[in-house]
Amino acid sequence: MDGINALIDGFGTALTPINLLYAVIGVVLGTAIGVLPGIGPAMTIALLLPLTFTLEPTQAFIMFAGIYYGGMYGGSTTSILLNTPGESASVITAIEGNLMAKKGRGAAALATAAIGSFIAGTIGTLALALVAPQIVKLAIQLGSPDYFAIMMLAFIAVTTVLGSSKIRGLASLGIGLLIGTVGIDPTSGQQRLTLGIPQLADGIDVVVVAVGLFAVGEALWIAAHLRRNPAEIIHVDGARMNREDWRRSWKPWLRGTLIGFPFGAIPAGGAEIPTFLSYAMEKKLTKHPEEFGHGAIEGVAGPEATNNASAAGGLVPLLTLGIPTTATAAVMLGAFQSYGIQPGPRLLDEQADLVWGLIASLFIGNVILLALNLPLATIWARLLNIPRPYLYAGILFFASIGAYAANTSTFDLWLLLIIGGLGFFMRRFGLPVVPAIIAIILGPVAEEQLRRALQISDGELSGLVNTPFSKVVYVIVVLLLVVPVVIDRVQSRRRGGDQGDQGDGIQDAPSLGHQHANQEGQ
Amino acid sequence: MAIVVGFVPRPEGHAALDRAIEEAKLRRVRLVVLNVSRGDALVDSRFASSSDWEAVKAKLEASGVEHEVAQTVEARDPADQLLRVAEETNAELIVIGLRRRTPVGKLIMGSAAQTVLLDADAPVLAVKAARD
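For every chain, the first residue of its written sequence is number 1, and the numbers climb from 1 along that sequence. Chain letters start at A and ligand numbers start at 1, both assigned in the order the entries are written. Under the rules for a predicted model, residues below a pLDDT of 70 receive no local features and side-chain atom pairs below 80 are neither given nor counted, while totals for whole chains, interfaces and linings still include all residues.

**Student:** I tried to follow the overall build of chain A on my own but got confused; where do I start?
**Tutor:** A run of DSSP states H or I qualifies as a helix once it reaches four residues; a run of E qualifies as a strand once it reaches two. Both are numbered from the N-terminal end. Within chain A, the regular secondary structure consists of 20 helices and 2 strands. For 522 residues, the compact-globule estimate of 2.2 N^0.38 gives 24 Å, and the C-alpha radius of gyration of chain A, at 22 Å, lies within 12% of that figure. Dimensions of chain A, computed from C-alpha atoms along their principal axes, come out at roughly 65 × 55 × 50 Å. To sort residues by burial, count the other C-beta atoms lying within 10 Å of each one's C-beta; a count of 20 or more means buried, 12 or fewer means exposed, and anything in between means partly exposed. C-beta atoms are built from the backbone. The buried share of chain A, taken over its 522 residues, is 54%. In chain A, the share of contacts with a sequence separation of at least 24, taken over all contacts with a separation of at least 6, comes to 81%. Computation of the radius of gyration draws on C-alpha atoms alone. For the globule rule, the value is 2.2 Å times the number of residues to the power 0.38. The contact criterion used here is simple: two residues whose C-beta atoms, placed from the backbone, lie within 7 Å are in contact.

**Student:** When you look at the confidence of the model for chain A in this model, what are you seeing that I'm missing?
**Tutor:** Close inspection of predicted coordinates is inappropriate in any region flagged by low pLDDT. The pLDDT value expresses, per residue, how confident the predictor is, ranging between 0 and 100. Model confidence for chain A is summarised by a mean pLDDT of 85, while 93% of its residues fall at 70 or above. Segment residues 497–522 of chain A: pLDDT under 50, and 36 contacts once partners within four positions in sequence are set aside and those in other chains are kept.

**Student:** Would you mind going over the pairing of strand E2 (residues 30–37) of chain B with me for this structure?
**Tutor:** Moving residue by residue along a regular strand, the side chains alternate between the two faces of the sheet. All names here are of chain B. With 7 of its 8 residues buried, E2 lies for the most part within the structure. The sheet contact formed by strand E1 (residues 2–6) and E2 spans 5 bridges and is parallel. Looking at the pairing, Val4 lines up with Val32 of E2. Since E1 and E2 lie parallel, the crossover through helix H1 (residues 11–27) that links them has a hand, and here it is right-handed. With 7 bridges joining them, E2 and strand E3 (residues 67–73) adopt parallel strand pairing. Pairing between two strands is assigned when DSSP locates at least 2 bridges connecting them. Call a crossover right-handed when, viewed with both strands pointing away from you, the route from the first strand across the helix to the second goes clockwise.

**Student:** Even after reading the chapter, I still don't get the confidence of the model for chain B, so can you show me in this structure?
**Tutor:** Of the residues in chain B, 95% reach a pLDDT of 70 or more, and the chain-wide mean stands at 87. As a predicted assembly, this complex carries a pTM of 0.84 together with an ipTM value of 0.73.

The following block contains the structure:
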């Protein structure tokens, strides 16, 4: 129960006025960027990284976590009212949510999304507080070979699961690892990939990379696809959730939480897959199958609960192992590193104030988010009236200031432009950005673990697989690579034959990846 | 010769459209109805939804005046788009809708109506929605 005691201490940290203020700033900002399609928590946190050099780490992370959670709330508003998902995690919500809004049940859809997010976020955060200390107890016994194995798993999982093809995922991962290795080799002191440019010897600043890939890349992409017919926003009036809606929503909320939390904690690329699984499950379990496809409330309640629970789940590996499972978590890991903190099993002991203050502030943030979103969703939707040139001009301004402030060198501005161009072409050719950002930030850490493991084993490769834990992880990696191929083969052989119950979820998952890669580009 | 009216799906837009139809009947000239957007925001409340636009067309049909409708998304300022069409059709009158605003509100917000009033070669008729 030490988790609970520490959590109560954490509330002491989180409830100080200044920390509370940053929690509020975080959730307000998070909701706003959640509403706006194309601007996500990862980009926002990247843009705010340089501003936080003047903040205490605790305050910075309280704000970042607020943005992460807030984005999950805001995304549903756009999905429901506009049929354009505000976040990739809300793609599924748009299916039934928009249909509900068209039927005049928009207020109920917004309410079930907000309340479901609140319940899932609260349960998920509680689970985070309970699970994290247990994982740390296990993680403390892990050595370098084990860590390297987990990181390999993170790389492979995020690569094979996301995007329209594995080749594109691998290419993106390769780009990330390449950028991550620029600079002086920490073990031997040699310069790598610096092209003789002295400014590159320190490596490329994480701010420059993250801001370039997300902010500049996205701004260029939007600039290339600026004009289009304005979408029609659906007017919402008073009909709130009735007794029937509550009765039909509470089970999907809880089921969504159950699906979302573990999926968030494993490196499967965030909320896209669990939200889809939740939707498929609700469709199967509903007592009103005729309403699916015509605005069923279960199809909003389940996925919206799932995406918040997965946001909470994603913090588990980040805080206990230092492994990011989503782009947002990767940028947060970059923020930890720029404070000189290495997340891992020792984090909960060494930075107990920070971690527990952060977790406690998530509870508070959830309450604020419910208050902000339940009555005000339609006001948030007004943000969609902002002409995008204004929006992206502001983003580019902040991006340039941030990149310059990182080292006060104009060289970084050129680098920002180059990486922004790279981000644009990755979107253009359908390369998912998430593997790249995870590889850039996690790559150097993984390399360090690899070198350490090899030093311990005197350069013997067997040193990488000589612990039982690492063996298990490598088996999972191999399964991840082999099983989808086998399933593909088997299915193509009996195409048109029987459609098993089990195959449904797995079969549809890759097509979801398709959707996501396009989504990122829009 | 023609009358050009800038339509927005708001009370003042409907007032402008009604008045323009009357003028077109009186003067026995063609009526050009425009609805434009810059298309750079995800949502533009001045861009008529398909149901709004159908209602406008139905109203024009019912009125019996000779008319032409155009809904466009272009990079230029909506006021400039209206002025260009007025020039092309050699308009004898431009009809626009005005929101009721205080002088301070006007000072802060600026407007497309102002651009039309200042730059138009043809006379401009500015119509406000009826007070509730």
